[in-house]
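Structural characterization, general
Here's the letter readout for the chains.
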Amino acid sequence: MRATLRRLASFDALLAGLALALMLVLPLIEIALRPVFGVGIANAPVFVQHAGLVLAMFGALVAERGGHLTSLGAGFAGSHDPRLRRLAGIYARMGSAVLSGMLAQASATFFLAEMEMPRAIAYGIPGGWFMVAMPLGFLLLGLRFAWRLEAAPMLRMAALLLPLLGGLFAGQYDGQTLALWPFAIGLLLLLLCGAPVFTVLGGLALALFWSEGQPLAAVPLSHYQITVNPSLPALPLFTLAGLIFARTGAAARLGALFTALFGGGVVGTALAAAVLCSCFTALTGG
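Residues numbered from 1 in each chain as written. Predicted model: local features only at pLDDT ≥ 70, side-chain atom pairs only at ≥ 80, totals over all residues. Heavy atoms only, no water.

Helix and strand content of the protein: 13 helices and 2 strands. If one aligns the C-alpha atoms of the protein with their principal axes, the spans along those axes are about 65 × 55 × 40 Å. By the burial criterion, 37% of the 286 residues in the protein qualify as buried. Long-range pairs, those at least 24 residues apart, make up 76% of the contacts in the protein between residues at least 6 apart in sequence. As presented, the protein carries roughly 15,400 Å² of accessible surface, and 72% of it is formed by carbon and sulfur atoms. If you average the places of the 15 positive and of the 9 negative side-chain charges in the protein, the two averages end up 15 Å apart. (Helix = DSSP H or I, 4+ residues; strand = E, 2+ residues; numbered from the N terminus. Buried < 20%, exposed > 50% of the residue type's maximum accessible area, 1.4 Å probe, protein only. Contact = heavy atoms within 4.5 Å. Areas by Shrake-Rupley, 256 points an atom, 1.4 Å probe, with all protein chains shown as cover. Lys, Arg positive; Asp, Glu negative; His and termini not counted. Charge placed at Lys NZ, Arg CZ, Asp CG, Glu CD.)

Right, here's the structure in full:
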């Protein structure tokens, strides 16, 4: 099982890297092709937006592996009592696994509905090829949360059924009306126990739709519409630019350059800082 999880870990990093590379390469190809041939890649911006969806889902898996998913970082998870802290961690991972399974089921329903009448982005490539990242990503996240439970090996294996149980529950009660308050209490406890914020917000969205008796597929639909927003692909690219600046030492060298140009006094330092910040803003969106 550990070998399988390691292969899945390399798989999600590979897909996230390919999505990021696609977001970088497609605009560059467009820049090269249009002046020469007068035409570029059809619907290239839409391809970039959908690559952002893949990057968001599998980037979340990479973040989970490194322990970088955002959580409240307080409450029971920060207790000085080791037993309470351990119980909070178990509840947070179990709840996150179940909620990820629910989100995976709702995303699968949305994906299957879209594939009934597939719409091609360009060159006969349907958008559903990118949308499948949503149910797959949520399912893998649920399995990751379940596997990280602090329990005996057999119990950890049994815990892998938690995302499946969450998916079965969501499928069974999809479109039905359920009370909101049990979900609200459970989600509040999850937040205090250190569960990732995305699971709590996703669970709250599902609970609100259940309270109104609405189809759960509306939740992944909203997630899809937000993720493929035309302005969002700039964010990972700006982040990548900032990372390159930091890791290569270019930021420090630019700081030294502008300090040398404007001098090291009070006025020179202020001018150097202003120009340096303007440069960073243009290149990294800071």
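With that settled, consider the packing of aromatic side chains. As enumerated under the stated definition, the model contains 7 aromatic pairs in all. Aromatic side chains Phe 138 and Phe 198 sit 6.4 Å apart centroid to centroid with 25° between the ring planes, which places their arrangement in the stacked category. Placement of Phe 138 in helix α5 (residues 133–147) and of Phe 198 in helix α9 (residues 197–212) is noted, with a sequence separation of 60 residues between them. We classify Phe 138 as buried; its relative accessible area is 8%. Overall, Phe 198 belongs to the partly exposed group, its relative accessible area being 27%. Geometrically, the ring pair formed by Phe 183 and Trp 210 is stacked, given 5.3 Å between the ring centres and 15° between the ring planes. With Phe 183 in helix α8 (residues 181–192) and Trp 210 in helix α9, the pair connects residues that are 27 residues apart, well separated along the chain. Taken as a pair, Phe 183 and Trp 210 share a single burial class, namely buried. (Phe/Tyr/Trp six-rings, centres within 6.5 Å; stacked < 30°, edge-to-face > 60°.)

Checked against the element boundaries, Ala 104 lands in helix α3 (residues 82–116). Each C-alpha atom of the pair Ala 104 and Leu 141 lies 9.3 Å from the other, and the pair is 37 residues apart in sequence. Among residues more than four places away in sequence, those in contact with Ala 104 are Pro 135, Phe 138 and Leu 139.

Notably, Asn 43 is not glycine yet its phi reads approximately 55°, a positive angle. Looking at the element boundaries, Asn 43 is found in the loop between α1 (2–37) and α2 (44–65). The phi dihedral of Tyr 123 falls on the positive side, at around 55°, and the residue is not glycine. On the basis of relative accessibility, which here comes to 59%, the residue Tyr 123 falls in the exposed class.

Looking now at helix α11 (residues 234–248). The end-to-end C-alpha separation of α11 is 21 Å, in line with the 21 Å expected for 15 residues at 1.5 Å each. Of the residues flanking the end of α11, it is Gly 249, one or two places downstream, whose phi is positive at about 80°. (Expected span 1.5 Å × (residues − 1).)

Counting 59 residues, the largest nonpolar core has Met 57, Phe 58, Leu 206, Trp 210 and Tyr 224 as its most contacted members. Setting aside residues no more than four positions away along its own chain, Met 57 makes contact with Ala 133, Met 134, Gly 137, Phe 138 and His 223. Counting 6 residues, the second-largest nonpolar core is a separate cluster that includes Phe 245, Ala 250, Leu 254 and Phe 258. (Core = buried A, V, L, I, M, F, W, Y, C linked by side-chain atoms within 4.5 Å.)

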